[in-house]
Structures are given as C-alpha cells and as structure tokens.
Amino acid sequence: MPTVHALLVGIDDYPARSLPRLAGCRNDIRAAGEWLRARTAARGTGLRLRELVDGAATVEAVVAGLTGHLGGAAEGDTALLWFSGHGTDLPASGPDELLKEPTGRCQALVCADGTLPDKRLGALLEAVAARGVHTVAVLDCCYAGGGTREVLPVRYAPPAPGWARAAARDLAALPGHPGPQRHLLLAAGRLDQLAHEDEFDGRMRGLFSHALLDVLGNGAYDGASSREVMAATHARVQRGSTAQHPVLLPQRPGGPADAPLLGGAGAGPRAPHLLRLGVDGWEIDAGAAHGLGGRGGTGDTEAVAAAGAGGTCFAVVGAEPAAPGADQAPGPAAAPGPAAASSTAAVPATASVPATAAVSGAVPGAVPGAVSGAAAGRRTLRAHEIRADRTLVRPEGWEPDPERTYPVTLSALALPPAEVTVEPAAGPAGAGDGRPVRLLREALAHAGPGGGPSPLLAVASGAGEAAVPRQLPAQGRLLLRVLVREGSAEVVRRDGSAFVPPLPLATTDDAARVAACLVHLVQWDRIRCLDNPLSALGSPVRVEIAPADDRTAPPRPGDGVRELVCPYTRTAHGYRPPRLHIRLHNRTHRKLWCVLLDLTDSYRSHAMLFPGDFIGPRGSGHALDGAPVELSLPAGREPRPGAGARDWLKLVVAEGELNTLPFLLDAWDPGVPAGRSAARQAPDGVLRLAPPPPAARGRDLGPVGSAGASGSEGTGGSWGSAVDDPGPGDWTATTLSLRTLVP
C-alpha cells in the first residue's frame, strides 16, 4: 500500500530575539496535519507524519527529517515537506555561489538555529525523488520561489552575521547541474516577494497555507492535478494580497505538476492553461506574453476588448458534468469576487477597443448565425481584455463554479488585421488626379461582410501616408502596400516585391477586385502563419517525405526550419515533375487528429492531401492514402530551366476534430468578379475551430497525372455552426516549405 511520508515544520518562536516572532506557522502545520490524516484515511493509504516546531526545528533536525524520514519512502510512495516560517535572502559572493545564483542572491529557509539554503534543500529533495518517490515541497515563507531552484520571497528574517558564510559552504559542497527537476515545489510567492500572515476565523495563518488547504479541502478538487490546485490557490491568495504570487515548479506538461498533490494517477495535462476566478473576475492564466492578442504590442501589457463575437475565445476541455450552479440563477458567491465574474458583467473601463472592432466599425453584438457556447453543447468563454500574464474572459451562457478551476484551450483566434497603405506611385505614371485612390478607398470601406469594412484590413489614413511604409507595424503583422498608378494598382510587400501581377484600377468594379485581392491575401497569410502559442503538445506528429521513385531512399523529416527543394527530372521526353510519398507519423502514445494543408504560391489553401482524420498511437497517416504526390508546376508555367513554384505544407494536430472550413481558400483569380470568389470571410474576422461535417473542394498538389485537377477534400461546417462536440482540445500547428524547381 502506498504511504505518505510527511515532514511538517512550523516555527513561530525563534530563539534569536532579533528575529520577528510569527503567529501562524504552527497553526499552518496543525491544519496541514489534519488534512493529511483525513485525506489518507479517505484514500486508504498509509501516513507517516513527523512534526518539528519552534526550537526543535534546527537545521540538523530538518536535514535529518529530509534524509531519514522522507528518505525512508519507497518507490510509489509520496514524500511531503511543509515548511512555515521565516525565509531570507543573502548576498552571493564566492565563485561557486555566483555560478549557481544568477540573481547574485541566495535564498534560504530560516530554521531555529540557522539557514538551509535553497540549493541544498533542492538537492536533498532531488535525492528522495530520484528513487521513484513523488516528492513535494510546500514552502510558506518569504523568498520561497527560489527555495528549490527550478525554492520564494510578513515571513522574512534579515540576514544574521555568519549566515552568508554558512550558505557559501553549503553551495560549494553541492554537485554540478542536477538535470531536470523531479520534485514539485509549491511556494508562497516569487523569488523576490514577501509572504504574509493574516487572521482567519480568529486564528493567525499564512495567507498561502490557508488558501492552499482551503482548495485541497474542497471536494471539487479530489483527484485534481497540482496545476489545477495551484491555479485556484493563486486566485485566492490574490484576493487577499495582490503583492503575493504563488509559484508552481516545474511547469512542464506531463511532469509532477500534472499529478495529484499526494501522488497517484492523474488525468494528465488535459490543457496547458486554466480558468479561475481572480481579483478582476474570471481569468485564464495566459496573456500577451504567451502570444495572445497578436504578435507585438505597445507598453508592458496589451489589452484587447472583444465586442460581441469579435474576440479570442476559449473552450473548457473534457466532457465534465456542468459545475455546481451552472445554467442556474447565480446565488451568493462562495468566494469573494467582483461583478465581472458574471457573464453579463460590463467591460472594465480599462479595456481597449479590439483592432477587429475598430477596423470594421461594426456595432458590438452577436454575429448573425453564430451560436453561443452553451447552445452548441460547449462551455465557452470570450476574451474581453488580454493583459501581459492573463486574459480576462466572460463565460458565454453558463456560470462557472467560483470554487473551481477549469482546463481550457483556444477555440477561436482574433488575430490583428493586416496594415494596408494606399500610395500614389512615384513618377509620371502616378495616380494623376487621385481618382483611382478615391475609388480604392471607397471599395475598402465596403470590403467586409454585409458591406462594411473588412475586419481583416486596417487601412492607414491618407494624411502623411508616404511615411507609413517606413514606420514598420507591430512585429509579425502583415503589411500590404498598394501603389496606385494611372489605370492600375500594384500590391507589394514591405521590401517592394509584388504579391500578384498589377491589377486594373480604372472603374468601381476594378477597385472592388483590388479590395477583394487584399482580403484574400490576408486570409491566406493567416492560415500559413497559424499557430497556437498556448499549446503544450510540442511536436507530436512528424511530416516525413520520401522520393516515390526511389524506395531505398530514407524519408526526410520536415523540421519546419529548412526548405525542401524538389527538382524536376530531365528525360528523353522532356521534364518530369518530382513525385513524393508524404507520411504523418504520430510519435505519441495516444491518438491525435491531423489535417495537412497545401498552401500554394497562387494563394490557394486546400486539404486534399490529408483531409482530416485521427492517427493512432505510434501510427502513421499517408497523404493521398499512400499514392504518390506530384509536385507539378501550375497551369501556365512552362517547365523550363529556372521555373519553379512554392508550396507550404501546414500540419495542424489536435486532440479532437477541428473545423477545416476556415483553412480552405480558392486560388486568387483576378478574373473572378468581386463578391463571387470562394474566399470565406468570417463576419468578425475570427478563426473558429469547432468541429464540422464533411464537404468537398479541389487541389493543387495531387495524385500522379492530376495536373492540378479538381478533387474532393474535407471542409466542414459553416461560421457559427452548432455542434455537440466538446471541442478540439489542445492543438498545435507547424509549417513545412517545399520548393519545386526545374534545373
């Protein structure tokens, strides 16, 4: 039977009179001991518990407890250290210290007679974890976040004479880099923060310990991972002190953070991020620093307000039963929280207007035909402000339980619009009387769904426009320069190279086609650059490419970094296009859903190669069901020396089925009248990833002899389609570049 070995250390009364007396540390470990007894009895597991309080908690006694008591745990057991007391930080001066302390400071627990440096503590805990023991340290003291180093900074003791020398000796005796951290740290605050005490129910307690045990004692967290427990604990601590940010280390998906606190089988990393009730309402623990809100931004934070359906959305992962109180009239909150926790709360005054709403000029409100998350059978949330480290959200049609956390994943992406500049071309062939510029601006004002501006385009104003190209937009944002000449328009990149051949611009219809071209280019670029900055999947599926005509050649892995060059072969009858076998190899032990898109240099995107299906654990999926894929030049490009074409293979991998409709785009054809192109533009410019039903479209890369002929490919659904699936779960995307050349 697994056993929990627990060492509980609480020091209120330090012998040294110079150290401030604390009042809540013994109360902390008393409460922790009560929780441990109840929890292990309920689980039917053994418990070996040792307590060290006040003067008995010397450095020697704590180290002996770590090496002897916790060291007695066997493989499959759990070892828990809970320390409540003072913490301190000391200057690191010697060469050994400075090598191991990049901040120049050494953090330490303050025992009854001296200090236990964080690095030494970490090494002791790692020695226990190395034997297959689930090892956890809970540190409720100042500077405990450096406490085990992958241990945080009221419970603070100013350094005493001699402490720094002792810490230097301890650090010098430690081995080199220990490798990845195997034990789990739950710390009261960050490396440079103080930990606070407060009174709860007439007793002094550590703010962190009280919040953590409050969460652990909530039946909703039975079997929950430490990651979920700490997300809820963080929210409770923040409601008591915004200056204290609890820390969980290590964060790696699938590591000890994804197991229950006392060990045992966990659900695994269902999602990389969590929904919780914070000081400002419901929030997700990811923000602009994680890549949300588009690349680039201004200032230390980036705020994006979502009007109606015009913002980034999240979905709760897993088919869990509705939380207590869901779909019911909200009653009194079980935990303090602001009015913003309600799904009908007003947007805070600090939230800014989203780029999509500002460009479209649309009145905030629901998108026609859109279905709410509740109506579609999913619990969804809409972002209304993206901050540096978190995103404030509103639940759509359901009420989360304020006592719970929920694993979430991205379900819709509100990406920043492309920047468009309209400039008269230099020289005598410029726009003349300016009529072509006015025609194009008028067309851009009606290029979106419903006859309004497109949410995909941010058109620069006319004033001072010649300077705009030299003022680069936010990093990663697409810039489209339209150089207007008498009777034509050139759409060029930042470096002056052309996206497409010059387009006529003499009539209203011409202007509408130029505007449609800009929208099409942005949609294509969004698909090519699609990424999930929050994904914890890593690179679970590898694209492998092998020549179809040489069975002995090993497959070349597409790493997404190097471009693969595929040359034509010269024969006695002319040039023969390259033929490849493309395989998708699932490197994980679970099934994953994949779609392989082909984005061509004619600005088409199709899914004919691998339209979307699950690939089993350690299994493989084959493009075109194993038939060779021919990389022929598009119609109109003669296979002669120097000719070529480019394709971008976009692999999207998800835990569940995705909506492929937003990924499908016909090639840009200037001869198609504006409004009849197959380009799909969501009313709000948002990519939605709900799973769809199948449909049919055409292809570029294809079977031998197809020469780009039309075929069928999976599409799926429509904007705002209602489905009963819980969503795609976590997902990720990677891009592989192919260049076809005629030597």
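This text gives an overview of the structure that appears in the document. (Residues numbered from 1 in each chain as written. Predicted model: local features only at pLDDT ≥ 70, side-chain atom pairs only at ≥ 80, totals over all residues. Heavy atoms only, no water.)

1. As for the nonpolar core
Here comes step 1: In this structure, Leu 275, Phe 314 and Leu 480 are the most contacted members of the largest nonpolar core, which totals 66 residues.
Here comes step 2: With 10 residues, helix α10 (residues 508-528) is the largest single contributor of residues to this core. (Core = buried A, V, L, I, M, F, W, Y, C linked by side-chain atoms within 4.5 Å. Buried < 20%, exposed > 50% of the residue type's maximum accessible area, 1.4 Å probe, protein only. Helix = DSSP H or I, 4+ residues; strand = E, 2+ residues; numbered from the N terminus.)

2. Remarks on helix α7 (residues 226-240)
Here comes step 1: In a regular helix each residue adds 1.5 Å, so 15 residues correspond to 21 Å; α7 covers 21 Å between its end C-alpha atoms and thus fits that length.
Here comes step 2: Judged by how many residues are buried, α7 sits mostly within the fold: 13 of 15 residues are covered. (Expected span 1.5 Å × (residues − 1).)

3. Here we look at helix α2 (residues 59-69)
Here comes step 1: Along α2, the residues that are buried comprise Val 59, Val 62, Val 63, Gly 65, Leu 66 and His 69.
Here comes step 2: Check the buried side of α2 and you find it contacts β1 (3-10), β2 (46-53), β3 (78-84), β6 (115-117) and α4 (118-129). (Contact = heavy atoms within 4.5 Å.)

4. As for the packing of helix α9 (residues 435-444) against α10
Here comes step 1: The N-to-C vectors of α9 and α10 enclose an angle of 55 degrees; their axes lie 8 Å apart at closest approach. Comparing their axes, α10 and α9 come out oblique. Of the two possible hands of crossing, α9 and α10 adopt the one that is right-handed. Of α10, the residues touching α9 (which contributes Leu 439, Leu 440, Ala 443 and Leu 444) are Thr 508, Ala 511, Ala 512, Val 514, Ala 515 and Leu 518.
Here comes step 2: Residue classes in the contact of α9 with α10 are distributed as nine nonpolar, one polar and no charged. (Axes fitted to C-alpha atoms, helices over the stretch in contact; angles between N-to-C directions. Parallel < 35°, antiparallel > 145°, perpendicular 65-115°, else oblique. Left-handed = near helix turned anticlockwise from the far one by under 90°. Nonpolar A, V, L, I, M, F, W, Y, C, P; charged D, E, K, R; others polar.)

5. Digging into the side chain of Thr 233
Here comes step 1: Within the secondary structure, Thr 233 sits in helix α7.
Here comes step 2: Not counting residues within four places of it along the chain, the set of residues in contact with Thr 233 comprises Phe 208, Ala 211, Leu 212 and Val 215.

6. As for the packing of aromatic side chains
Here comes step 1: Taken as a whole, this structure holds three aromatic pairs when the rule is applied.
Here comes step 2: Measuring from ring centre to ring centre gives 5.5 Å for Trp 398 and Tyr 406, while their planes differ by 85 degrees; the resulting arrangement is edge-to-face. Considered together, Trp 398 and Tyr 406 belong to a single accessibility category, that of buried residues.
Here comes step 3: The structure contains a cluster of three or more aromatic residues connected by ring pairs, namely Trp 524, Tyr 603 and Trp 648.
Here comes step 4: In this arrangement the basic side chain of Arg 493 is found over the ring face of Phe 499, its NZ or CZ atom lying 4.3 Å from the centre. (Phe/Tyr/Trp six-rings, centres within 6.5 Å; stacked < 30°, edge-to-face > 60°. Lys NZ or Arg CZ within 6 Å of the ring centre and 35° of its normal.)

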